[in-house]
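If you want the building blocks of each chain, they are given just below.
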Amino acid sequence: MKPPGKQKGDGKGKVPRQRSPRDGPQLTGGELDRRLAAAWALPPGFIGWLSSVDHKDIGRRYIITALAFLALAGALAMIMRLQLARPGNDLVSAQRYDEIFTMHGTTMMFLFGVPVMQGMQIYLTPLMIGTRAMAFPRLTAFSYWMYLGGGALLWVAFVLNIAPDVGWFAYPPLSGPQYGVGKRVDIWAQMITFTEVAGLAVAVTLTATVLKQRAPGMTLARMPLFVWSTLVTSLMVIFALPSVALASSLLLSDRLVGTHFYNPAERGDALLWQHLFWFFGHPEVYIIFLPATGFVSEIVATFSRRSVFAYPIVVLSLAGTGILAFGLWVHHMFATGLPRVGYSFFTGASMAVSVPTGLQLYCWIATIWVGRVRMQVPMLYVVAFVITFVIGGLSGVMIAAVPLDLQLHDTYFIVAHFHYVLIGGAVFPLLGAITYWFPKVTGRMMSDTLGKLSFWMIFLGFQLAFFPMHIAGLMGMPRRVYTYPGGMGLEIPNLLSSVGGGVVALAILLFLLNLIVSLRSGAAAGPNPWGAPTLEWATPSPPPRYNFAHLPVVASLTPLWDSPDRLLVAQGLRVDERELLLTSVIDAVPDIREPSAEPSPWPFIAAAATSVAFIASIFSPWGLLFGTIPAAIALIAWFWPKTPPRVEEPVIT
Amino acid sequence: MKPKAAILAAALVALGACNTFQNALGGEGADGAHFVSLFWVFVAVCAVMYAAIVGSFLLGLWRARRPRAPLTVDEGKHQEEPAIAGRLLAAWAILIAVGLTILTVASFFTDRSNAKSGEHPQLLVNVTGNQWWWDVQYSSGDVSKSFRTANELHLPVGVPVEVKLQSNDVIHSFWVPNLAGKQDLIPGRVTDIQLLARKTGLFRGQCAEFCGVQHAHMALDVTVESLENFRKWVTLQQRAAFAPQSPVELAGYRFFTARNCSACHAITGSPASATIGPDLTHFASRQSIAAGTLPMSAANVQAWIADPQRQKPGSNMPKVGLTPDELRALTAFMERLK
Amino acid sequence: MTAPPIFEQDLSDLPTHAFSHRSLTWWGVVGFMVIEGTAFGLVAAAYFFLMSHEAEWAPRPWIPPNLVAGTLFTLLILLSEIPNTMIKRAAEAYDLGAVRGLLPLIVAIGFVLLVIRGFEFNSLNVMWYDNAYGSIIWALLLLHTTHIGTDWADSVVLWLLMRTAHGESPRRMVDTDENSLYWRFVWLAWIPIYLLIYWVPRLFR
């Protein structure tokens, strides 16, 4: 058998005889587009739609699904705000309220926060690093169907009135077999399994994509900051999500097969859950927040018309936050009565994590100071982000201090704090990012008028909804109460919060309306409407299925600013087959031409089979065992190479 | 917008200050007072930080609309960075580090003084969390002087008290914000919290860890009183229950001991001695019914007994199904359990 | 970007596959090894957390697991690295004959290991529902068994694949190489688990 391993470099000076057509000066323009479109086409019909492994389809599906969950969980938030608008209200029952706040938190964290960020990363990363597809396109497709399955499980349960009711944190023993009777908690815990499988699959795929598929010349030091944030969060997902997956598996086994991990009566410990859960739960916040800082960096650069100040500092801040985030989990457990000595360490670590974030803030501010700022809607969201998020960050510094946390923990002060962090720190940048990249995705601009209106409503409505919660918390209002007595000074803060919540809800609806209206009738965008510097703007809007006709070559951090008229490209990839380029990890030197997976229905089938196994296991442990068989068959079909075997062509003849 | 927000905040604080009994800014306990001081230190430092960040950001935005010497792609200088900005970055990093160090040190010393204020407790109270009420036991070396109450805590002012915390079911959290921070009650563990009340008054505590459907109605009335009044209260609590006198009270008493009530509740001096539900020996002396669900009054006692599930849905106390006469008799008896 | 692009590099000469970190799937395999390694680490942390509450481990009256099956398993899985290395080298040398010859041996070893694993479950001297000690011991063994099972199924599929015409594609050699890499992870992960299940409960009595 031929040893085809050592061809690289041997080809110098020889004229390669190409059996299959390649892109290049001899094949460019319309003809190239036609051939690539054929190679990267989707099969027709519904099956074709199910089979898509295009990162743009999958990313879009992730984002749309996550926005639908945002709307659902937001509607639940409005029911809670109506219930709490006045003391002693009986709009919803105590039991229903518990289900609602559990669904709200679970949906926002597991079905909106992480997936929407991963959806943005899936859509944008290959475009920003100049490649044709994700590293493992079918795994990416599989992850989406798993995510959808988990979301459907939770919400169908809600409709069937068997929704979980023990909070998004599901502390045992309340969630254990003795007190969490019925199937409510099992559904919650299995939903975790679904979303963790999806999240981990995406993280591995993104990591491999970022490390191996960057355009030639895009060294690590020329990677857009959003891509850096993608890399850091993907690595965080890889280390954090196994913890919650393990925690929920142990909980399920306590509930279903009678293990005693969390049962103090049989040598277990309820606090084991809290350690495992928060070892995941705290990094989780940064997994949602760091991509948002990536959005901010891209938007600030484009709208200041210069690179973000002190790029290495921003990168180090991202990495530093990612590492420190794993040393903070105990600050969620200060009230459990652990030894006081350990607390000081976690206080210090919790405070220290604000240093990298503070440095990033400085870099953005410095960029603006030396730039020329255009105040368009994405930039407005950056302004809202700074004004809002910094309040959340500083209240975070407060609750890092043990004596303060012991009072503020589990009160509405915390509710205010993390909404300032997550809405101010992640949702505002996300809305800015959606406005920013909408023209790339759809080819049309979003309406400026509707955009500004919804911006001001959401920004001001947010402050009205959440600032008073600080006061309510200090006035002794605990979290997760379905009602509160009158005469405690809680009436006015709660009423203001409810009114503000209504404004935010209207603003979000207006934003979604803007998406739909602009999709139909927005102004044509062109490839680069904002005059941005990164590669995704080098291809038409919306991008073709193959992303780039010729793979771009990068010589700087801001390729479109540095060669504004003519793009540098590479030639020589096959156009009759799906092929992409692997480059070296650090310096992005071209290394291998890699085939990329064809569309396939098997990821969908595998996800469906896995879903059946997971859901069956709620009802019987045998469900998991027997459910594995069809899932395994689907996986084998998925990985089996296509027939006939791909023609490997000798490059040297 | 910002001044408006400040006025709004001030107005909210003023309104909120109406509540003096469940307020983290009350500071009537030693730890509570430490919290208040530390809280304002943090607010001050954080306000300076906020002003610095948001101020320089907004100033930068305002200035960058007509920049004097911009370094942008339009000038071909989008990669250039002024040296001064690098030095300011270092200064900013130092400023953050100093600010955080001040806060960490302040936090550390507050934590230490919190630990000290609980030293040498002179009174021990055992509090056990249940879904959804507090079982309170004042123990004494002399068993006949130990007694039990529920959802109510009396503390002598100026006396360090140790509260030992346990849970019978799920995780709860003991929190009387005016006196101190919170401490979880975790099944399988014994935790404790030290209270040192500095002022007399009526305060309210509430379970702070979600513990199931009636987490909202798991309050604890706390009375801080002079040592003299505290001793009077203790003497009262140590007594056996009021003996029924009038026929209607007797009917109520018989009903209590013969029917469902005594399956869960205890009244000292009567055959009823179950400990599943709250001890009712001096029920009527308490300030509220069912862990803060209703204020104590004859009408509320009757309403509660008539249908607990209406007042506190999901509560472990069932609706017994009483005739109006039975209800009246039982209420008449319960009312006298001072 | 309407102007014609500048062709700066030609990629035609690049190879279409390579071993180790130059391979894309290698990164996927490593990614999942890291995830699973983290999970093993966390189970071990939970093990020590539960153990820290106990004066004795295994808590009396439970006795530590019997050593025979587990030790036999450990010896065999360590020895399995010899054919594993052979097949890895054969793959890297594009020796299809050797790969086709060795894969059945790997599959057979995996099968024997699964059988011994069954005896291991029978020698733990505690059931998962007895107490938290039993629960965590079973969790460790079960978690590792899923890895043995997965890799065994993977090897069976690879064996079948290599017997078809697909086996002649050099990319399949990369797959074989990475299957061997994953097997190394499976037996390396076993060593600390073996100590946790069989030896720690002996040493802390």
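Below is a summary of the structure that appears in this document. (Residues numbered from 1 in each chain as written. Chains lettered and ligands numbered in written order. Predicted model: local features only at pLDDT ≥ 70, side-chain atom pairs only at ≥ 80, totals over all residues.)

Looking only at helices and strands, one finds 19 helices and four strands in chain A. Taking 26 Å as the expected radius of gyration for a compact globule of 653 residues, we find that chain A reaches 25 Å, a close match to that expectation. Reported as C-alpha extents along the three principal axes, the dimensions of chain A are approximately 85 × 60 × 50 Å. Expressed as a percentage of its 653 residues, the buried residues of chain A come to 67%. Taking the intrachain contacts of chain A between residues at least 6 apart in sequence as the baseline, contacts between residues at least 24 apart amount to 81%. (Helix = DSSP H or I, 4+ residues; strand = E, 2+ residues; numbered from the N terminus. Rg over C-alpha atoms; globule rule 2.2 N^0.38 Å. Buried ≥ 20, exposed ≤ 12 C-beta atoms within 10 Å, placed from the backbone. Contact = placed C-beta atoms within 7 Å.)

Our next topic: the overall build of chain B. Check the secondary structure of chain B and you find nine helices and 12 strands. Against the compact-globule benchmark of 20 Å for 338 residues, chain B has a radius of gyration of 28 Å, which places it well outside the compact range. Dimensions along the principal axes, computed over C-alpha positions, put chain B at roughly 100 × 45 × 35 Å. When each of the 338 residues of chain B is scored for burial, the buried share is 43%. Within chain B, counting contacts between residues at least 6 apart in sequence, those at least 24 apart form 65% of the total.

It is worth spelling out the interface of chain A and chain C at this point. Contact residues are listed per partner, giving 66 residues for chain A and 49 residues for chain C. Going through the elements one at a time, helix 6 (184–212), helix 7 (225–256), helix 8 (270–304), strand 2 (568–571), strand 3 (579–583), strand 4 (590–595) and helix 19 (621–639) of chain A are the ones with two or more residues in the side of chain A that touches chain C. If you tally residues by element for the side of chain A that touches chain C, the top one is helix 6 of chain A, at six residues. For the side of chain A that touches chain C, a count of residues per class yields 37 nonpolar, 16 polar and 13 charged. (Nonpolar A, V, L, I, M, F, W, Y, C, P; charged D, E, K, R; others polar.)

Between chain B and chain A, the residue contacts involve 79 residues of the former and 77 residues of the latter. Mapped onto the side of chain B that touches chain A, the elements with two or more residues apiece are helix 1 (2–16), helix 2 (30–63), helix 3 (83–117) and strand 7 (183–185) of chain B. When grouped by side-chain class, the residues that make up the side of chain B that touches chain A number 46 nonpolar, 24 polar and nine charged.

Next up on the list: the sheet that holds strand 2 of chain A. If you walk across this open sheet you meet the three strands as 1(A)-2(A)-1(C), and the pairing is mixed. Every interior strand has two partners, whereas the edge strands, strand 1 (551–552) of chain A together with strand 1 (6–10) of chain C, have only one. Note: strand 2 of chain A against strand 1 of chain C, four bridges, orientation parallel. Note that in strand 1 of chain C the partner of Val569(A) across the bridge is Phe7(C). (Pairing = 2+ DSSP bridges.)

Attention now moves to the arrangement of the chains. Pairwise contact counts over the two pairs of chains in contact peak for chains A and B. Between chain B and chain C there is no contact, and the shortest C-alpha to C-alpha distance separating them is 11 Å.

By size, the foremost hydrophobic cluster in this structure holds 386 residues, and its most contacted members are Trp273(A), Cys363(A) and Leu140(C). Counting residues per element, this core draws most heavily on helix 8 of chain A, which supplies 21 residues. Setting aside residues up to four positions removed in sequence, Cys363(A) forms contacts with Val308(A), Phe309(A), Ala310(A), Ile313(A) and Val314(A). (Core = buried A, V, L, I, M, F, W, Y, C linked by C-beta atoms within 7 Å.)

The next point concerns the environment of Leu139(A). All names here are of chain A. Locating Leu139 in the fold gives a position in helix 5 (residues 137–159). Each C-alpha atom of the pair Leu139 and Ala335 lies 41 Å from the other, and the pair is 196 residues apart in sequence. Ignoring any residue separated from it by four or fewer positions in sequence, one finds Leu139 in contact with Ala201 and Thr205.

Attention now goes to unusual backbone geometry. Put simply, Ser541(A) and Pro542(A) share a cis peptide bond, and its omega is -10 degrees. Along the chain, the position of Pro542(A) falls in the loop between helix 16 (491–521) and strand 1. Omega for the peptide link from Gln131(B) to Trp132(B) comes to -5 degrees, which places this bond in the cis form. Looking at the secondary structure, you find Trp132(B) in the loop between strand 1 (123–130) and strand 2 (133–138). Residues other than glycine seldom take positive phi values, yet Arg267(A) does so here, at roughly 70 degrees. With respect to the element layout, Arg267(A) can be found in the loop between helix 7 and helix 8. Residues other than glycine seldom take positive phi values, yet Asn125(C) does so here, at roughly 65 degrees. Inspection of the secondary structure puts Asn125(C) in the loop between helix 4 (96–122) and helix 5 (132–163).

All names here are of chain B. On the basis of which strands lie adjacent, the open sheet formed by three strands has the order 4-10-9 and mixed pairing. Single-partner strands in this sheet number two, and they are strand 4 (152–156) and strand 9 (201–206). On average, each strand axis in the sheet is tilted by 25 degrees relative to the strand beside it, whichever way the strands run. Pairing analysis gives five bridges linking strand 4 to strand 10 (residues 219–225), with the strands arranged parallel. (Axes fitted to C-alpha atoms, helices over the stretch in contact; angles between N-to-C directions.)

Turning our attention to the pairing of strand 3 of chain A. Residues and elements named next belong to chain A. Most of strand 3 sits out of view: five of its five residues are buried. Of the two faces of strand 3, both are covered, the one formed by Glu579, Leu581 and Thr583 as well as the one formed by Leu580 and Leu582. One ladder, built from five bridges, connects strand 3 with strand 4; its direction is antiparallel. Bridge pairing in strand 4 places Leu582 opposite Ile592. Between the antiparallel neighbours strand 3 and strand 4 lie six residues, among them Ala588 with a positive phi of about 55 degrees.

Our next topic: the packing of helix 8 of chain A against helix 14 (residues 412–442) of chain A. Residues and elements named next belong to chain A. One way to put it is that helix 8 packs onto helix 14 with a least axis distance of 8 Å and a crossing angle of 45 degrees. With respect to helix 14, the axis of helix 8 lies oblique. Handedness of the crossing formed by helix 8 with helix 14: left-handed. Packed against helix 8, whose contacting residues are Val285, Ile288, Phe289, Ala292, Phe295, Val296 and Ile299, the element helix 14 presents Val421, Leu422, Gly425, Ala426, Pro429, Leu430, Gly432, Ala433 and Tyr436 at the interface. Here the contact of helix 8 with helix 14 is built from residues that sort into 14 nonpolar, two polar and no charged. (Parallel < 35°, antiparallel > 145°, perpendicular 65-115°, else oblique. Left-handed = near helix turned anticlockwise from the far one by under 90°.)

Here the focus is the environment of Met173(C). Residue and element names in this part refer to chain C. Topologically, Met173 is positioned in helix 6 (residues 170–203). Judged by the 25 C-beta atoms lying within 10 Å of it, Met173 is buried. Remark: the alpha-carbon pair of Met173 and Val34, spanning 139 residues in sequence, is separated by 23 Å. Sequence-distant contacts of Met173, defined by excluding residues within four places in its chain, comprise Ala91 and Tyr94.

Another point: the packing of helix 12 (residues 377–400) of chain A against helix 15 (residues 448–474) of chain A. All names here are of chain A. Where helix 12 contacts helix 15, the two axes come as close as 10 Å, and the packing angle between them is 5 degrees. In this view, helix 12 runs roughly parallel relative to helix 15, as classed from their interaxial angle. The segment helix 12 lies against helix 15, with Val377, Leu380, Tyr381, Ala384 and Thr388 engaging Asp448, Gly451, Lys452, Phe455, Phe459 and Phe462. For the contact of helix 12 with helix 15, the class distribution of residues is seven nonpolar, two polar and two charged.

For helix 9 (residues 311–324) of chain A, with 14 residues, the first-to-last C-alpha span of 20 Å sits near the 20 Å given by 1.5 Å per residue. Elements that come into contact with the buried residues of helix 9 of chain A comprise helix 7, helix 8, helix 10 (340–352) and helix 11 (354–370) of chain A together with helix 3 of chain B. (Expected span 1.5 Å × (residues − 1).)

Now for helix 3 (residues 81–92) of chain C. Helical periodicity: at 3.6 residues per turn, an α-helix aligns residues three or four positions apart in one direction. Residues and elements named next belong to chain C. Across its 12 residues, helix 3 extends 16 Å between first and last C-alpha, which sits within 8% of the 16 Å expected from 1.5 Å per residue. Inspection of helix 3 places Asn84, Ile87, Lys88, Ala90 and Ala91 among the buried residues, and these make up the whole buried set. One face of helix 3 carries all of its buried residues, which in axial projection span an arc of 160 degrees. If you follow the buried residues of helix 3, they end up packed against helix 4 and helix 6. Tyr94, located one to two residues past helix 3, shows a positive phi value of around 55 degrees. (Arc of directions from axis to C-beta.)

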